[in-house]
Amino acid sequence: MSSSTAAAASSLPPDLFDTTTLVSLTAAASIVVVAYAVSRRALAASTSTALRFLFIWHLADALCHFILEGSFLYHCFFSYVEAGAPAAAGLVATPFNYLGHGAARVYGPQAGAAGNPFAQLWMVYARADRRWGGADLGVISLELLTVFFDGPVALYVAYLIAKRDPKASFWMIVLATCELYGGFMTFCPEWLTGNVNLDGSNFMYMWVYLVFFNMLWVFIPLYAVWYSYIDISHAFAVRASKKGQ
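Residues numbered from 1 in each chain as written. Predicted model: local features only at pLDDT ≥ 70, side-chain atom pairs only at ≥ 80, totals over all residues. Heavy atoms only, no water.

A word on the overall build of the protein
Point 1. When its secondary structure is counted, the protein shows eight helices and two strands.
Point 2. Counting from the amino terminus, the protein carries its helices and strands in the arrangement α-α-α-β-β-α-α-α-α-α.
Point 3. For the protein, the spread of C-alpha atoms along the principal axes amounts to about 75 × 55 × 35 Å.
Point 4. A burial count over the protein gives 38% of its 245 residues as buried. (Helix = DSSP H or I, 4+ residues; strand = E, 2+ residues; numbered from the N terminus. Buried < 20%, exposed > 50% of the residue type's maximum accessible area, 1.4 Å probe, protein only.)

Written out as structure tokens, the structure is:
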């Protein structure tokens, strides 16, 4: 091993591929596997590849919002340690008067990570974006909309696709717009402040956590918009042709 390679290896965090990280990544991947398995049962064999992909995406999207991001909200509202306790040392401070408690409590996955696998999962992601370790007001506000609006709409879209209901195209556009806006509002504050909460110091943090996991909610919603636009345009063209007859 060259000296430069050895130096790069030694600079990597020791927890980059620890058990918690591997279990967390496996849990995220299992959501896609479940969505694919459901698609095998819920969709007709004649379903196009594009619609099958969009069904899997929207069902996985809903599960991700409900299970993973729902768990984040749970810890932001119910997991806390007293601010003066030894367990609070080194934790990200909670905004003053959050939930009406002044500066008395420290909330977030960081407060529940000792014995909760979902809190530990979020602490893995927080290595790349520390806002997800505590109770960041901007993130919580976005996740409330994500869990309680985007999640149900994504599940509804999957249902409409399974039923071959043409309303799926409209709701895909609505959901994709929400996802794209949410992604922008997640990262724009960081861009404006020099990415102070982000850590892109290694391949895993930069290209897996920050880029890959977040760009999925950019490119696939854009594809959903494009697919829906073509579908709706075709429907209008058919209607126009019938009027012309």
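Having seen it, we continue.
Some remarks on helix α6 (residues 137-162)
In an α-helix, one full turn covers 3.6 residues, which means residues spaced three or four apart are oriented alike.
Point 1. A rise of 1.5 Å per residue sets the reference length of α6, with its 26 residues, at 38 Å; its end C-alpha atoms lie 37 Å apart and thus fit the reference within 8%.
Point 2. At Thr146, α6 shows its largest bend, some 35°.
Point 3. The backbone nitrogen of Gly138 has a side-chain oxygen 3.0 Å away, supplied by the residue at the start of α6, namely Asp136.
Point 4. Phi for Arg164, located one or two positions after α6, is positive at around 55°. (Expected span 1.5 Å × (residues − 1). Bend = angle between axes of the 7 residues up to and from the residue. Polar contact = N/O pair within 3.5 Å; in protein donor to acceptor, adjacent residues only side chain to side chain.)

Brief notes about a nonpolar patch on the surface
Point 1. On the surface, a cluster of nonpolar side chains totalling about 320 Å² of accessible area is made up of Phe66, Ile67, Phe118 and Leu155.
Point 2. The topology assignment puts Phe66 in helix α3 (residues 49-78).
Point 3. Here Phe66 falls in the partly exposed class, since its relative accessible area comes to 34%. (Patch = residues over 30% accessible without salt bridge, like charges linked within 9 Å, V, L, I, M, F, W, Y side chains within 5 Å. Areas by Shrake-Rupley, 256 points an atom, 1.4 Å probe, with all protein chains shown as cover. Salt bridge = Lys/Arg side-chain N within 4 Å of Asp/Glu carboxyl O.)

Overview of the environment of Thr186
Point 1. Mapping Thr186 onto the fold places it in helix α7 (residues 167-192).
Point 2. The spatial distance from the C-alpha of Thr186 to the C-alpha of Trp132 is 11 Å, given a sequence separation of 54 residues.
Point 3. With residues near it in sequence (within four places) discarded, Thr186 still touches Arg131, Trp132 and Leu142.
Point 4. Separated by 2.7 Å, the side chain of Thr186 and the backbone oxygen of Gly182 make a polar contact. (Contact = heavy atoms within 4.5 Å.)

Comments concerning helix α2 (residues 19-42)
Point 1. Across its 24 residues, α2 extends 34 Å between first and last C-alpha, which sits within 8% of the 34 Å expected from 1.5 Å per residue.
Point 2. Along α2, the residues classified as buried are Thr21, Ser24, Ile31, Ala35 and Ser39.

A short note on the environment of Tyr36
Point 1. Position of Tyr36 among the secondary structure elements: in helix α2.
Point 2. On the accessibility criterion, Tyr36 (41% relative accessible area) is partly exposed.
Point 3. For Tyr36, the side chain forms a polar contact with the side chain of Arg40, separated by 3.1 Å.

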